[in-house]
Amino acid sequence: MLAEEYKRPEPLWPKKRLGEWFSIAKKGAGGWAFLLHRLTGILLVLYLFLHFYVLSTLSRGANAYDNLTVLMESPFLLLLELGLVAVIVYHGLNGIRLMLLTLNVGVKQQKEMFWVVMAITILTTIIAALFMF
Amino acid sequence: MKVTLKILRFNPETDQKPWWGEYEVDMDPDDRVLDAIHKVKWYQDGTLTVRRSCAHGICGSDAMVINGRNGLACRTIIKDIGSRITLEPLRGFRVIKDLVVDMEPFMEKYRSVMPYLINDEDPGPRERLQSPAERAIFDESTKCILCGCCTASCPSFWANPDYLGPAAAVQAHRFIFDSRDRATEERLAAVGGKDGVWRCRTIFNCVEACPREINITKAIGEIKKALLYNDG
């Protein structure tokens, strides 16, 4: 059959499934790195709006900002901030890993690079926790 | 040994939705998954549809999802994966029936990278010569059997069926880095577009999936690098 004649039929199934992202039960290091990178990326976008909101209170004077930051001392928000540290460190470091890989640097060491990223992320989060609590 | 096969069945003429069929067969631990499928088809349920040709890992027609991982049924030994085996058709392709998927869009992309030697120069009285070192550059890429395991494991392909996919990229790599080929520019243009190699997010699912153990992401990386330096 020639390429020009071929019409791609509408799939009866499968329909596009977002779940396929999560579907490979036995993920490799690269698969986990990708999934975590996407999830942390989405979280960071959401955080950015929260961050802007907190900063925008400054436009209503120093008092408004201070009143809001008092909330940050609650243990729950401190825990969220610790999570934020982990998310930022992971996303940033894995971003460097991805840039290197796209430039074809260290492709054969990608798994080791992922473990280094994870190790630094966990270590940084522990150190941050020691400072915060 | 008793082996339980759980197979995702789908017949477009009678089924609205896919369903799981369970079959029990008595197999030798050294048998392959394909042998178990044969036993089901030949002795239990003749309607089970599967595609295989050579049955020895060369033709690449029996790629499927085996226990959540893409592979060739004829190359997977039962004792390596246990007595409970789950089989699904390759993801990201249209299912024709049961384990058979429509590979035509896949082959369409394969053709788009011009997978043949292009060289109009006169080769002289003998063949075009190539040194072992020049040949080694694309050696891994020549091992591809176009089974589709890599492309069907790629999240970029799942998200965008127009993406060229790892298999076609490997085929492009095989000719781009061939010292005898003269169509590097055209081929780089074919793989460098909007739905070309830049959609690769270096997830490495393809490398995990490849039954021929090709480092596909590295091949794609080399194409990306060639594209970068070619444009400059």
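Rules used in this analysis
- Residues numbered from 1 in each chain as written.
- Chains lettered and ligands numbered in written order.
- Predicted model: local features only at pLDDT ≥ 70, side-chain atom pairs only at ≥ 80, totals over all residues.
- Heavy atoms only, no water.
- Helix = DSSP H or I, 4+ residues; strand = E, 2+ residues; numbered from the N terminus.
- Buried < 20%, exposed > 50% of the residue type's maximum accessible area, 1.4 Å probe, protein only.
- Contact = heavy atoms within 4.5 Å.
- Areas by Shrake-Rupley, 256 points an atom, 1.4 Å probe, with all protein chains shown as cover.
- Core = buried A, V, L, I, M, F, W, Y, C linked by side-chain atoms within 4.5 Å.
- Phe/Tyr/Trp six-rings, centres within 6.5 Å; stacked < 30°, edge-to-face > 60°.
- Lys NZ or Arg CZ within 6 Å of the ring centre and 35° of its normal.
- Patch = residues over 30% accessible without salt bridge, like charges linked within 9 Å, V, L, I, M, F, W, Y side chains within 5 Å.
- Salt bridge = Lys/Arg side-chain N within 4 Å of Asp/Glu carboxyl O.

K.L.:
Looking at this model, I keep getting lost on the overall build of chain A. Mind explaining?
P.N.:
Per the secondary structure count, chain A includes 5 helices and 0 strands. Its helices and strands in sequence order give chain A the pattern α-α-α-α-α, from N to C terminus. Across the 133 residues that make up chain A, the buried fraction comes to 32%. Pairs at least 24 apart in sequence give 64% of the contacts found in chain A among residues at least 6 apart. Per element, the accessible surface of chain A, about 9000 Å² overall, is 74% carbon and sulfur.

K.L.:
How should the nonpolar core be read in this particular structure?
P.N.:
Looking at soluble globular proteins, one finds that nonpolar side chains tend to be buried together. Residue and element names in this part refer to chain B. One finds L5, I37, L87 and I223 to be the most contacted residues of the largest nonpolar core, which totals 62 residues. Ranked by the residues each element gives to this core, the list is headed by helix α6 (residues 166-176), at 6 residues. Beyond its immediate stretch of four places on either side in the chain, I37 contacts L5, L48, V50, M64, A73, L87 and L99.

K.L.:
Would you mind showing me how to read the side chain of R174(B) here?
P.N.:
All names here are of chain B. Tracing the chain through its elements places R174 in helix α6. Here R174 falls in the buried class, since its relative accessible area comes to 17%. Setting aside residues up to four positions removed in sequence, R174 forms contacts with F138, S141, T142 and R180.

K.L.:
Teacher, can you tell me more about unusual backbone geometry here?
P.N.:
Peptide bonds are trans in most cases, and residues, glycine excluded, mostly fall at negative phi. All names here are of chain B. The phi torsion at N67 lies on the positive side, around 50°, for a residue other than glycine. For N67, a relative accessible area of 14% gives the class buried. Phi is positive for E213, close to 55°, though the residue is something other than glycine. Here E213 is to be found in the loop between α8 (205-209) and α9 (216-231). What makes E213 exposed here is its relative accessible area of 67%.

K.L.:
When you look at the side chain of S153(B) in this model, what are you seeing that I'm missing?
P.N.:
As for its position among the elements, S153(B) is in the loop between α4 (132-136) and α5 (155-159). In contact with S153(B), not counting residues within four places along its chain, are N70(B), W158(B), N205(B), C206(B) and A209(B).

K.L.:
What exactly am I supposed to notice about the packing of aromatic side chains here?
P.N.:
Scanning the model with the defined rule gives 3 aromatic pairs over all chains in all. Taking the centre distance of 5.1 Å and the plane angle of 50° together, the rings of F114(A) and W115(A) count as tilted. Plain terms: the ring middles of F93(B) and F106(B) are 6.0 Å apart, the flat faces sit at 85° to each other, and that makes the pair edge-to-face. Residue F93(B) is found in the loop between β5 (84-88) and β6 (95-97), and its partner F106(B) is found in helix α3 (residues 104-112); the two are separated by 13 residues along the sequence. Within the aromatic cluster, the residues linked to one another by ring pairs are F93(B), F106(B) and F157(B). When the ring centre of W20(B) is taken as origin, the NZ or CZ atom of K6(B), which lies over that ring, is 4.6 Å away.

K.L.:
Hey, could you run me through a nonpolar patch on the surface in this one?
P.N.:
Side chains of I96(A), M99(A), L100(A), L103(A), V105(A), W198(B), L228(B) and Y229(B) sit close together on the surface and give an oily, nonpolar patch of about 800 Å² of accessible area. At the level of secondary structure, the elements contributing two or more residues to the nonpolar patch comprise α4 (75-102) of chain A together with α9 of chain B. Counting residues per element, the nonpolar patch draws most heavily on α4(A), at 3 residues. With respect to the helices and strands, the residue Y229(B) is situated in helix α9.

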